[in-house]
Amino acid sequence: MRAAIIGGGVIGGGWAARFLLNGWDVRVFDPHPDAARKMGEVLENARRALPGLGNVVLPPEGTLTFCGTLREALSGADWVQESVPERLDLKQTVLAEVQAHVDPTAIIASSTSGFKPSELQQGAVRPEQILVAHPFNPVYLLPVVELVPGAGTAEATLTRAKGIIEGLGMYPLHVRKEIDAHIADRLLEAVWREALWLVRDGIATTEEIDNVIRYGFGLRWAQMGLFETYRIAGGEAGMKHFMAQFGPALKWPWTKLMDVPDFTDDLVDLIASQSDAQSGHLSIRALERVRDDNLVAMMRALAANDAGAGALQNAHDRKGLPAAGLAATLEDLKDLTQPVLTQNRVIPLDWTDYNGHMTESRYLDAFAQATDRFMEIIGCDAAYIAADGSFFTAETHLRHLDEAHAGDPITVHTQVLLAEGKKMQLWHEMRRGDTMLATAEHMLLHVNLQTRRASDPRPDLAANLQRISKAQAGLPRPEGAGRAVGAARSPVS
Ligand SMILES: NC(=O)C1=CN([C@@H]2O[C@H](COP(=O)(O)OP(=O)(O)OC[C@H]3O[C@@H](n4cnc5c(N)ncnc54)[C@H](O)[C@@H]3O)[C@@H](O)[C@H]2O)C=CC1
Ligand SMILES: C[N+](C)(C)CC(=O)CC(=O)[O-]
């Protein structure tokens, strides 16, 4: 698949990264002499952050081509993403030029933050292929895309667009009624205007406003949004009580939103100087890396709870299993005689410690996830666990053989050492390419989750495990299996 990115600034660069890292070929047209350098820096950030966001490796990166003309960039494009500056006349001109050269079946999406798709479609020769796909910065990490069809957009364009956005690991929100600034920017604009008032009136500094968000409601919003959060704030009586309690405030002077602060040089200087005092010691690229590190860590924490953007990522990971060569069931395994691929992933940013490499607990994390995958393959999946039981790990021996770093692609292969009644002994080998990084040996016991005591697995699960165990019986016993921590060679004083 091929994407054409028209305008390669902050947002075009983010889109290019999202497409490329999901295996699309990308052609870019941006006449600015510095565009390639700037996009290179965005791509560098994206390559650092996105591959480790989920627990399954992304497809091989596509090819990036900078083009000297718009026409060249559009050649063979399945998706065109217009991300030129926010001026309606410029966008309409660019879209007309795009339509003159692009395949009529391609999707033409605009990143516009504020214009309605019907405004973009004015005078278009094929309005049916145009819609708004409004993303959030950084496009390579934040999943939401507001998909806004205009009066002339074909239903098929919207349907295909939804599928493509989901394929990129993103969340297409269909905005059913076109309005200026769609949905999210309406909300952001309200907060932004109120914040400008607060700074202008000397009530708070830019830093104090950021603190009130990051230490308070920003944390709530990231996982539950606005309405679910306020439902809880109503106590056991829920939303109705919440609304009754705070309804009168709607009529009190709690907001200055009905008015707009004058956009004067003084206001710009005030905000900019406070922002410089707050964050001027860091370059924009450094701030982007802080932002990306935290976004990855937060989304991975949400994934552990299967909540919010983390739940979305988990679902995307699941869809990516076959492409990553990872089995979901025994039937997916092509060769039962060899160790089973149970992890194919990239080491995330938040797995690194003060020594600048993967921290010890994360090895166990990766191996535990390998065990989870193996359990699912033999049929110990969520349904089995809910009804019949599970495996508990009784003993683990882990060897660290080489260093691993954030961004490293790693695999884990799993061999069954023992499958007997309640016992399942697994041997995991973690590699980066051909380099062995670590091994882990686990003794697991099948447990009845009601009695919390060891129990025999259900016959079909036992049979699946036996199938793999017998098929792997010809494998040599791994070097290192059965090892304990060696005694110190010389006495430690
Ligand atoms: N910056 C943000 O936070 C967000 C911006 N958007 C929207 O994305 C669009 C782009 O915004 P940014 O990336 O922030 O702007 P930007 O200024 O960073 O990038 C715009 C790029 O378009 C290029 N350009 C100008 N004329 C062109 C033409 N005729 N053909 C090809 N390229 C051309 C410029 O050289 C520049 O590199 C706007 O519509 C904006 O509303 C959407 C979401 C968030
Ligand atoms: C400021 N903005 C209107 C361009 C913001 C957006 O459109 C979305 C974002 O990323 O905040």
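Position labels on residues start from 1 in each chain and follow its written sequence. The lettering of chains begins at A and the numbering of ligands begins at 1, in the order of writing. Side-chain atom pairs in this predicted model are given and counted only at pLDDT of 80 or more, local residue features only at pLDDT of at least 70, and totals for whole chains, interfaces and linings cover all residues. As a rule here, side-chain values cover all heavy atoms of the structure and leave hydrogens and water aside.

- Looking at an unreviewed UniProt entry, one finds the chain named L-carnitine dehydrogenase, with Epibacterium ulvae as its source organism.
- Among the UniProt annotations of the chain, the heading Pathway (unreviewed entry) holds the following wording: "Amine and polyamine metabolism; carnitine metabolism."
- We quote the UniProt Catalytic activity (unreviewed entry) comment for the chain here in full: "carnitine + NAD(+) = 3-dehydrocarnitine + NADH + H(+)". UniProt positions are given in the numbering used here, feature names are shortened, and annotations may be inferred rather than shown by experiment.

1. Describing the sheet that holds strand 8 (residues 171-174)
So, step 1. Note: two strands are recorded as paired if DSSP finds a minimum of 2 bridges between them. Put simply, DSSP H or I for four residues or longer makes a helix, DSSP E for two residues or longer makes a strand, and each gets a number counted from the N terminus. With respect to topology, eight strands assemble into an open sheet ordered 3-2-1-4-5-6-7-8, the strand pairing being mixed. Taken across any chain shown, the strands that pair with only one partner, and hence form the sheet edges, are strand 3 (64-66) and strand 8. With direction set aside, neighbouring strand axes in the sheet form an average angle of 25°.
So, step 2. With four bridges joining them, strand 6 (residues 130-134) and strand 7 (residues 144-149) adopt antiparallel strand pairing. Bridging from a neighbouring strand, Ala133 pairs with Leu147 of strand 7. Lines fitted to C-alpha atoms define the axes, with helix axes restricted to the stretch in contact, and inter-axis angles between N-to-C directions lie between 0 and 180 degrees.

2. As for the UniProt feature "domain: 3-hydroxyacyl-CoA dehydrogenase NAD binding" (unreviewed entry) in the chain
So, step 1. Those places that UniProt annotates as "domain: 3-hydroxyacyl-CoA dehydrogenase NAD binding" (unreviewed entry) correspond, in this numbering, to residues 3-178.
So, step 2. As annotated, residues 3-178 comprises 36% helix and 20% strand, and the C-alpha atoms at either end are separated by 25 Å.

3. Details of the site of ligand 1
So, step 1. As a structural note, the neighbourhood of ligand 1 is formed by 20 residues, with Ile11, Asp30, Glu86, Lys91 and Ser113 the closest of them.
So, step 2. Whenever a nitrogen or oxygen atom comes within 3.5 Å of another N or O atom, the pair is scored as a polar contact, on the condition that within protein one atom can donate a hydrogen and the other can accept it, and that pairs from neighbouring residues in sequence are kept only if both atoms are in side chains. Between Val10 and ligand 1, the recorded distance is 3.0 Å, taken from a backbone N or O atom to an oxygen atom.
So, step 3. In the model, an oxygen atom of ligand 1 is placed 3.4 Å from a nitrogen or oxygen of the Val84 main chain.
So, step 4. Using the Shrake-Rupley algorithm and a 1.4 Å probe, accessible areas are obtained, with residue cover drawn only from the displayed protein chains. Within the complex, 73% of the 830 Å² of free accessible area of ligand 1 lies under protein. What makes a residue near a molecule or strand is one non-hydrogen atom of that residue sitting within 4 Å of it.

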